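Here's the letter readout for the chains.
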Amino acid sequence: MLALFLRDLRLGIRAGGGALVGVIFFLAVVAVIPFGVGPDLNLLARIGPAILWIGALLAGLLGLERLFQADREDGSLDLLVLADGRHMLALSVLVKCLAHWVANILPLVIASPLLGIFMNIEPIGIAAAFATLLVGTPAIAFIGAVGAAVAVALPRGGLLVSVLILPLAIPVLIFGVSACYAATTGPQPFLPPFLILAALTLFFAVIGPFAAALALKANAD
Amino acid sequence: MRLTAEKLSGERGGETIFAGIDIVLAAGGGLLVTGPNGSGKSTLLRILAGLLPPAEGVIRLEGGSEEWPTVAAASHYLGHQNAMKTALTVAENLRFWRDFHGDPHLDVAEALEMVGLPGIGSLPFGYLSTGQRRRVCIAKLLVSHRPVWLLDEPTAGLDAGSERRFAGLMRAHLEKGGILIAATHLPLGLEGVGELRMGAGR
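Because the structure is a prediction, the values reported are computed rather than measured.

## Remarks on the pairing of strand S3 (residues 30-34) of chain B
Residues and elements named next belong to chain B.
Consideration 1: Here S3 lies mainly inside the structure; five of its five residues are buried.
Consideration 2: Residues of S3 alternate between two faces, with Gly30, Leu32 and Thr34 on one and Leu31 and Val33 on the opposite face, all of them buried.
Consideration 3: Summarising the sheet, S3 and strand S7 (residues 179-183) pair through four bridges and their orientation is parallel. Within S7, the position partnered with Val33 by the bridge is Ala183.
Consideration 4: Sheet topology places S3 next to strand S8 (residues 194-197); four bridges connect them, and they run parallel. Bridge pairing links Leu32 to Glu195 in S8.

## What to know about the interface of chain A and chain B
Consideration 1: With 25 residues of chain A at the interface, the matching set in chain B holds 26 residues.
Consideration 2: At the boundary of chain A with chain B, total buried surface from both sides reaches about 2200 Å², with 63% on carbon and sulfur atoms.
Consideration 3: Per-residue buried area on chain A facing chain B is highest for A:Leu79, A:Leu82 and A:Arg86; these three make up 29% of the total on that side.
Consideration 4: In this structure, A:Asp71 engages B:Lys85 in a salt bridge whose closest nitrogen and oxygen atoms are separated by 2.5 Å.
Consideration 5: Where chain A touches chain B, the interface holds eight residue pairs in polar contact (both at pLDDT 80 or more).
Consideration 6: Among the secondary structure elements, those contributing two or more residues to the side of chain A that touches chain B are helix H1 (2-14), helix H4 (66-73) and helix H5 (76-82) of chain A.
Consideration 7: Residues that form the side of chain A that touches chain B fall into these classes: 12 nonpolar, four polar and nine charged.

## Overview of the nonpolar core
Consideration 1: If you look at the biggest cluster of nonpolar residues, it comprises 126 residues, and the most contacted ones within it are A:Phe68, B:Leu44, B:Leu48, B:Leu112, B:Val136, B:Leu151 and B:Ile181.
Consideration 2: Residue contributions to this core peak at 11 residues, all from helix H7 (residues 123-150) of chain A.
Consideration 3: In this structure, B:Leu151 is in contact with B:Leu45, B:Leu78, B:Leu141, B:Phe166, B:Met170, B:Leu180, B:Ile181, B:Ala182 and B:Ala183, ignoring residues within four places of it in sequence.

## Topic: the packing of helix H5 (residues 130-143) of chain B against helix H6 (residues 160-175) of chain B
Residue and element names in this part refer to chain B.
Consideration 1: Two elements in contact, H5 and H6, have axes separated by 12 Å at closest approach and are oriented at 10°. With respect to each other, H5 and H6 are oriented roughly parallel. Note on element contacts: H6 touches H5 through Ser162, Arg165, Phe166 and Leu169, opposite Arg135, Ile138, Leu141 and Leu142.
Consideration 2: Across the contact of H5 with H6, the residue classes break down as five nonpolar, one polar and two charged.

## Some details on the pattern of salt bridges
Consideration 1: Enumeration over the complete set of coordinates arrives at 17 salt bridges over all chains.
Consideration 2: Note that A:Arg14 is salt-bridged to B:Glu92, the shortest N-O span being 3.0 Å. Here A:Arg14 is found in helix H1, whereas its partner B:Glu92 is found in helix H3 (residues 90-101) on a different chain.
Consideration 3: The class for A:Arg14 is partly exposed, based on a relative accessible area of 41%.

## Brief notes about the sheet that holds strand S1 (residues 2-12) of chain B
Residues and elements named next belong to chain B.
Consideration 1: Ordered in space as S2-S1-S4, the three strands form an open sheet in which the pairing is antiparallel. Whereas interior strands pair on both sides, the edge strands pair on one side only; in this sheet they are strand S2 (15-26) and strand S4 (56-62). Strand-to-strand, the axes of this sheet are offset by a mean angle of 20°, without reference to chain direction.
Consideration 2: In this sheet, S2 lies alongside S1 in antiparallel orientation, the contact comprising eight bridges. When the sheet's bridge partners are listed, Arg2 is paired in S2 with Ala26.

## Here we look at empty space enclosed by the protein
Consideration 1: Enumeration according to the criterion identifies two cavities of 30 Å³ or more in this entry.
Consideration 2: Lining the largest cavity are 13 residues, with A:Ala83, B:Ala72, B:Ser75, B:His101 and B:Arg146 sitting closest to its centre.
Consideration 3: Residue assignment for the lining of the largest cavity shows that the elements contributing at least two residues are H5 of chain A together with helix H2 (71-74) and strand S5 (75-78) of chain B.
Consideration 4: Top contributing element to the lining of the largest cavity by residue count: S5(B), with three residues.
Consideration 5: Partitioned by chemical class, the residues of the lining of the largest cavity number six nonpolar, four polar and three charged.
Consideration 6: Put simply, the second largest cavity is a space of about 50 Å³.
Consideration 7: In this structure, the second largest cavity is lined by B:Met114, B:Val115, B:Arg135, B:Ile138, B:Ser162, B:Arg165, B:Phe166 and B:Leu169.
Consideration 8: Looking at the lining of the second largest cavity, the elements with two or more residues in it are H5 and H6 of chain B.
Consideration 9: Residue contributions to the lining of the second largest cavity peak at four residues, all from H6(B).
Consideration 10: Taken together, the residues of the lining of the second largest cavity sort by class into five nonpolar, one polar and two charged.

Conventions we followed
Residues numbered from 1 in each chain as written. Chains lettered and ligands numbered in written order. Predicted model: local features only at pLDDT ≥ 70, side-chain atom pairs only at ≥ 80, totals over all residues. Heavy atoms only, no water. Buried < 20%, exposed > 50% of the residue type's maximum accessible area, 1.4 Å probe, protein only. Helix = DSSP H or I, 4+ residues; strand = E, 2+ residues; numbered from the N terminus. Pairing = 2+ DSSP bridges. Contact = heavy atoms within 4.5 Å. Buried area = accessible area lost by both parts, 1.4 Å probe. Salt bridge = Lys/Arg side-chain N within 4 Å of Asp/Glu carboxyl O. Polar contact = N/O pair within 3.5 Å; in protein donor to acceptor, adjacent residues only side chain to side chain. Nonpolar A, V, L, I, M, F, W, Y, C, P; charged D, E, K, R; others polar. Core = buried A, V, L, I, M, F, W, Y, C linked by side-chain atoms within 4.5 Å. Axes fitted to C-alpha atoms, helices over the stretch in contact; angles between N-to-C directions. Parallel < 35°, antiparallel > 145°, perpendicular 65-115°, else oblique. 1 Å grid on protein atoms, 1.4 Å probe; cavity = no way out; pocket = protein on both sides within 12 Å on 5 of 7 lines; lining within 4 Å. Points joined across faces, edges and corners; volume = space filled by probe spheres on them.

Structural data, given as C-alpha cells:
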C-alpha cells in the first residue's frame, strides 16, 4: 500500500507536473476576480474566502479524470482489481486518492494564504480559509474518485467527471465557506461548521472509495 | 494444486463467443490456448483471472489452501498492456510491483538479468523499445512468486533470442510445479503441454 502511495506521488510530481499546473490555474482563477468585480477592497475582502474555496474546488477537479484512466490504459488497473484479495480494492482507491490529494491539491492549500493576501482578506480569515481548505479538500478527492471510476472507460470523461461530482461537492463548499465567514464577520461560532466539514470529509473517505471500487469492478472488461 | 474449469462459456456484448470449455491442470501443467483472432482467447484468460464473470461454468483452484484461495490471488496476469508507467524508471516500476504483489522472489536486478536486460534499471520505461518493454513485463513475473501464470500473447514483439529465453523461463516455472496458461498464435517452444483450440467449429 505504501508502495502504491509512493508510486502515485512520484507520478503526480514527475509526469507532466500536475501539481504546478493546478497551482497556476488556482492563481489564474483568483487573480481574474478583482478585474471582474473592480478594485473595491471591502468587497474583495468580503467575497475573498468564497473565491478561494471556489478556485480550489475548480483547480481540484483538474486531473481527477486521470486518476484511474491512466492506470486503465497501461493495464495496471487490471492488476489492482486482481489484487483485491490481498489489498482490498477500496483501500487501494483510498490510497490513490490520498496520493492525488498530496500531489495535486495540497499545493493549492499551501498557496491559498498568498492568494488570500491578493483578496485583501484579514489574517484571521486567511487562517480560517487555510484550515477549512486543509480539512475540506480531501473530500473533493474522495468524491472525485467516484466520478473518475464511473467515467473510467470514457475517452473524454473529464467534463463528465466534473459535472458528476460538483453537486456532491456543494455541501463541502457551503460548510467550508460558512466556517470562514464565521471566523471573520459572522456572529455565529467557527467551530460547528468546521466540525461538520471534517465530518463530511470522513464520511466521503468511507463512502467514496467503496463506491469507486464497485464502479471499477463493474467497468472491468 | 489443481486448476479446474468446467463447462465454461464466455460472452462479449451479449454474444456467446465460446461455450463448454473444460480445463484440468495439475501442478506443473501447461496449456496453450490457440485459435484465430476473435475466437475468445483473451476473454477466456480474463474470465479465468476473474476480471470478467463467466456466462456459465465454474472455475476452481484446489489445494491452494489459505495462501492461494482463488485463481485471482494465485495468478500473475500478463495482459496486452504492460502495466508499467512510462515516467518511472524500469527499476522503480518493478520494485513497485514487487512490493505491491508481495511474496518477493527474485530481486529486480536478477530478474532483469534473467530477461537479458542487465543494467537497464535506471532508464525510464518510456525510453525502451516494444520488445524491451515486453521483456521488462516478463521480468515482473519473476520479481514476485505466483503459482499460476496467465499469459496473453506473451511473446508479442519479442525477437527470436528473447523468445527462446522466455521459453526457458516458462519451462523452469512448470518444473517448479507452477501452472501456466498462455494464449498465443505463435509457437512458444514448449514441449509436453496441452493445447486448447478455440473457435474450431466456427
